[in-house]
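# Reading the structure
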Amino acid sequence: MGEDKYLFPLADSFASYTHKNFELVIGAAEALDPERNIVGVRVGEDEELREIGYHTLVIATGSRARDDGMPWKEVGTTAQTRAAVEGLQAKIRDARSIVVAGAGVTGVEFAGELGATFAKTGLKDITLVGSEALPLEKRIKNSVRETARSELESLRVKYIGEAKVTSWTKDDKGKGKTIITLTRSGGATETLTADLVVPAYGLVPNSSFAPETMRDIASGYLKQGSDLRAPGYKNG
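In short, a report on the structure.

Okay, the overall build of the protein next. When helices and strands are tallied, the protein shows 4 helices and 12 strands. On the principal axes, the C-alpha backbone points of the protein span a range of 55 × 40 × 40 Å. For the protein, the proportion of its 236 residues judged to be buried stands at 32%. The long-range share in the protein, meaning contacts at least 24 apart out of those at least 6 apart in sequence, stands at 49%. Looking at the protein as shown, the accessible area adds up to about 15300 Å², and 50% of this sits on carbon and sulfur atoms. Of the charged side chains in the protein, 31 are positive and 33 negative, and the gap between their average positions amounts to 6 Å.

Let's shift gears to helix α4 (residues 142-154). Helix length check: α4 (13 residues) gives 18 Å between terminal C-alpha atoms against 18 Å at 1.5 Å per residue, within 8%. Taken as a whole, α4 has its buried residues at Arg145, Ala148 and Leu152. Along α4, the residues classed as buried sweep out an arc of 55° about the axis, all on the same side. On its buried side, α4 packs onto α3 (105-119), β6 (125-129) and β7 (157-160).

So, on to the packing of aromatic side chains. For the structure on display, the rule yields 4 aromatic pairs. When the centroid spacing of 5.0 Å and the interplanar angle of 75° are considered together, the rings of tryptophan 72 and phenylalanine 110 count as edge-to-face. Here the residue tryptophan 72 occupies a position in the loop between β4 (63-65) and α2 (78-94), and phenylalanine 110 occupies one in helix α3, the gap between them amounting to 38 residues. Site record: aromatic cluster; members linked through ring pairs are Phe14, Tyr17 and Phe22. A cation over a ring is seen here: lysine 124 above phenylalanine 118, with NZ or CZ 4.9 Å from the ring centre.

Take the side chain of serine 63 next. Of note, serine 63 is situated in strand β4. You can call serine 63 buried: its relative accessible area is 15%. Contact partners of serine 63, with chain neighbours within four places excluded, come to Lys73, Leu203, Val204, Pro205 and Asn206.

Okay, the sheet that holds strand β9 (residues 178-184) next. Within a beta sheet, neighbouring strands are joined by backbone hydrogen bonds and run either parallel or antiparallel to one another. Here we have 3 strands laid out as an open sheet, ordered β8-β9-β10, and antiparallel in their pairing. Edge positions in the sheet fall to β8 (163-170) and β10 (189-194), since each has one partner strand and no second. The sheet shows a mean angle of 25° between the axes of neighbouring strands, taken without regard to direction. In this sheet, β9 lies alongside β8 in antiparallel orientation, the contact comprising 7 bridges. Bridged to valine 165 within β9 is leucine 182.

Calculation rules
Residues numbered from 1 in each chain as written. Predicted model: local features only at pLDDT ≥ 70, side-chain atom pairs only at ≥ 80, totals over all residues. Heavy atoms only, no water. Helix = DSSP H or I, 4+ residues; strand = E, 2+ residues; numbered from the N terminus. Buried < 20%, exposed > 50% of the residue type's maximum accessible area, 1.4 Å probe, protein only. Contact = heavy atoms within 4.5 Å. Areas by Shrake-Rupley, 256 points an atom, 1.4 Å probe, with all protein chains shown as cover. Lys, Arg positive; Asp, Glu negative; His and termini not counted. Charge placed at Lys NZ, Arg CZ, Asp CG, Glu CD. Expected span 1.5 Å × (residues − 1). Arc of directions from axis to C-beta. Phe/Tyr/Trp six-rings, centres within 6.5 Å; stacked < 30°, edge-to-face > 60°. Lys NZ or Arg CZ within 6 Å of the ring centre and 35° of its normal. Pairing = 2+ DSSP bridges. Axes fitted to C-alpha atoms, helices over the stretch in contact; angles between N-to-C directions.

Below, the structure written as structure tokens:
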């Protein structure tokens, strides 16, 4: 797949806006001072922090994969994201057996793509591991989850339910395989071997730039009221 299918230039999307009323700043939010109405943005790796004042602040910094190297979301800069995607593509190309850890929407879609491209024709062995008896989250209807499992099976993707991938290490005997530890819902463990493990679970909110008082300690997500505003602030 060419990168034009997953990387899009932002500037083109805002070309119709005049410079008088709009400015596109490519950078990372690193600080927020809600008392002074200022956001600190790092425009480049070697650049100083730029302070941008605001009247109203909309925070839409999203999240990232728990495994920082997985390109389910942006991985730092565009160059870093491109390198992560290309690296994963190369690993998939070289692997004969692949285990996808995590059977949420991302894991199921990814395993299905691998199944349609490789497993269905016998080119690669694809296994999907999920913590529930059926793939996808509990909030989704069982009929949909059952259909997902059936579709995966039709693509020759093996589904292992009620288990989690709790660790994986390279085979110390030099065979190039990865030894994967599965922990069942009852606590029992077992091992698998594969050429590649692809973690497809867990998201971390991009909220570290905000003051601790604005973040939920347990989840890391920003606190918000029923009006979707930050408690104690009327403009954010």
